[in-house]
Amino acid sequence: MNIKGQSGLYFHWPFCLSKCPYCDFNVHVQDGVDHERWEAAYLRSLENYAQMLEGRTISSVFFGGGTPSLMRPETVKAILDKVHALWPCVNDLEVTLEANPTSVEAAKFAAFKDAGVNRVSIGVQALNDKGLQFLGRKHSAEEALRAIDIAGENFERFSFDLIYARPDQALEDWKKELQSAAELAKGHLSLYQLTIERNTPFHYDEAQGLFSLPSEDLAADFYDITQDVLGAAGLSAYEISNHAAPGHESRHNLIYWHYGDYIGIGPGAHGRLTLDGKKFATREHTAPQRWLEMVEEGGRGAHPFQPLSHDDQFNEALMMGLRLHEGVRLEHLSAQGGQDWQNYMDPERLQIIQDQGWLCLNDERMILSREGMLRLNALIPYILKAQSPAGKAA
Ligand SMILES: C[S@@+](CC[C@H](N)C(=O)[O-])C[C@H]1O[C@@H](n2cnc3c(N)ncnc32)[C@H](O)[C@@H]1O
Ligand code: SF4
């Protein structure tokens, strides 16, 4: 198939040194990872996608996980060399690698840079040892600061993640942590409210009353402080959990939020691909061993691609687009839905949430206010009309 257009490229490295008690990503703790075998599988999988996606241009690469900073820099280099051999890439290709801030991993930043990585996203999570211990992290605050320093020495663009609204955290403490984060940041920060995911150790701890999350009102205060402190520091939110100075936004993640195409390679990776004018959801086998064997046997670790109906595309584009502070383009929604965007919406409810000040509509875009962002998950089902199984809005 001869496909035009740009794609992001996501690689999932599924291994971690230990499993954090809040995390429900597809991660595995395994001794003795066979790095050569994994490298060969990523390369083979890339070749397989390239046969299907001739004529694409790669616009960004992202190594996520899991803990891709545990990869060998040689593996990252081999993968990037293969990407360049298979497709043209945009001139300013963004190549991000998620890194944990242990001293061993930070010491590899220079080698990742030599391999072709030009941006790291560091999982700092908290800037004090008490917070890090609660989150079950293996690094200290001092190691996190050192990792941020090393990132600054090696990369023009980097980001780090913090998790807030922790049970042990006072609003005033978070404000101070945020001020330090703003000083340490070089253009980009990801700030996530702690979420309790089902079947994680934190889920059981919370159910047993070992801790409780802040109330909805307090969580809203945490969110407000975050917006105020970082806005004043020149790092406004451009997405519900992501803040950047102008020009420092994550180009790769913007592909997800703009609902563009991306290839997802590695255990459990997802992708969205337009093939012959139709959009497909792709999903790779989750179990690392199964994925590896499938690629070794047949060149691909993906389940059969799932065609997306117009309803699916509309819902996904709306859900992703409303996360952005610029909002979502109405024309884009109509294109994804295959008909006027208004046919998908309940007009009365849309009016109600505009009157509440939670959503703003102009000729071009639908945009959530700060109050609306806090209610994102509840608002979307509220404003959508019931949809028929045939994939057309009623
Ligand atoms: C896929 S994780 C991987 C990053 C890297 N392995 C690490 O832990 O440093 C990406 C980010 O998601 C966030 N995250 C994961 N689970 C979360 C949860 N339950 N609540 C809030 N944030 C979470 C963390 O900030 C984490 O850095
Ligand atoms: S938060 Fe990061 S290090 Fe911890 S288990 Fe999840 S992916 Fe691994």
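Residues numbered from 1 in each chain as written. Chains lettered and ligands numbered in written order. Predicted model: local features only at pLDDT ≥ 70, side-chain atom pairs only at ≥ 80, totals over all residues.

A.B. asks: So what exactly am I meant to see when it comes to the overall build of the chain here?
C.D. replies: Looking only at helices and strands, the chain features 16 helices and 15 strands. On C-alpha atoms alone, the chain measures out to a radius of gyration of 21 Å, which is about the 21 Å that the 2.2 N^0.38 rule sets for 394 residues. Burial analysis of the chain (394 residues in total) assigns 40% to the buried set. (Helix = DSSP H or I, 4+ residues; strand = E, 2+ residues; numbered from the N terminus. Rg over C-alpha atoms; globule rule 2.2 N^0.38 Å. Buried ≥ 20, exposed ≤ 12 C-beta atoms within 10 Å, placed from the backbone.)

A.B. asks: Is there a simple way to explain the site of ligand 2 in this structure?
C.D. replies: Around ligand 2 sit Cys16, Lys19, Cys20, Cys23, Phe25, Val27, Gly65, Gly66, Thr67, Asn100 and Gly123, and that is every residue in its neighbourhood. When grouped by side-chain class, the residues that make up the shell around ligand 2 number 5 nonpolar, 5 polar and 1 charged. (Near = placed C-beta within 6 Å. Nonpolar A, V, L, I, M, F, W, Y, C, P; charged D, E, K, R; others polar.)

A.B. asks: What is the right way to read unusual backbone geometry from this model?
C.D. replies: Of note, the amide linkage connecting Gly65 to Gly66 takes the cis form, showing an omega dihedral of 20 degrees. Within the fold, Gly66 resides in the loop between β2 (57-65) and α2 (73-86). Positive phi outside glycine occurs at Asp276, with the angle close to 50 degrees.

A.B. asks: Would you mind going over the sheet that holds strand β13 (residues 328-329) with me for this structure?
C.D. replies: In a beta sheet, neighbouring strands are held together by backbone hydrogen bonds and run either parallel or antiparallel to one another. Spatial ordering of the open sheet is given by β13-β15-β14, a layout of 3 strands whose pairing is antiparallel. Among the strands making up the open sheet, the edge pair consists of β13 and β14 (359-361). Where β14 and strand β15 (residues 365-368) come together, 3 bridges link them in antiparallel fashion. The residue bridging Cys360 from the neighbouring strand is Ile367, located in β15. (Pairing = 2+ DSSP bridges.)

A.B. asks: Any chance you could explain the domain arrangement of the chain here in plain terms?
C.D. replies: Accessible area lost upon the coming together of the parts serves often as the stated size of an interface. Partitioning the chain into domains gives domain 1 (6-255) and domain 2 (329-383). The partner domain 2 presents 4 residues to the 4 residues of domain 1 that form the contact. Of the residues assigned to the side of domain 1 that touches domain 2, the class counts are 3 nonpolar, 1 polar and no charged. (Domains from an automatic or database assignment. Contact = placed C-beta atoms within 7 Å.)

A.B. asks: Hey, could you run me through the site of ligand 1 in this one?
C.D. replies: Inspection of the region around ligand 1 gives 16 residues, with Tyr22, Gly123, Asp161, Tyr192 and Thr195 positioned closest. Of the residues contributing to the shell around ligand 1, the split by class is 6 nonpolar, 7 polar and 3 charged.

A.B. asks: Is there a simple way to think about helix α9 (residues 216-232) in this case?
C.D. replies: Side chains that are three or four residues apart share a direction in an α-helix, a result of its 3.6 residues per turn. Over its 17 residues, α9 runs 24 Å from end to end, which matches the ideal 24 Å to within 8%, given 1.5 Å per residue. Of all the residues in α9, the buried ones are Phe222, Tyr223, Thr226 and Leu230. Taken end-on, α9 shows its buried residues confined to a sector of 95 degrees, consistent with a single buried face. In this structure, α9 carries Asp217, Gly231 and Ala232 as exposed residues pointing more than 90 degrees from its buried face. (Expected span 1.5 Å × (residues − 1). Arc of directions from axis to C-beta.)

A.B. asks: What is the right way to read the nonpolar core from this model?
C.D. replies: For soluble globular proteins, nonpolar side chains are generally found buried alongside one another. One finds Val76, Val120, Ile122 and Ala151 to be the most contacted residues of the largest nonpolar core, which totals 85 residues. Each of two domains, domain 1 (6-255) and domain 2 (329-383), supplies a minimum of three residues to this core. Filtering out sequence-adjacent residues up to four positions away, Val120 remains in contact with Thr96, Leu97, Ala99, Phe109, Ala151, Phe155 and Phe158. (Core = buried A, V, L, I, M, F, W, Y, C linked by C-beta atoms within 7 Å.)

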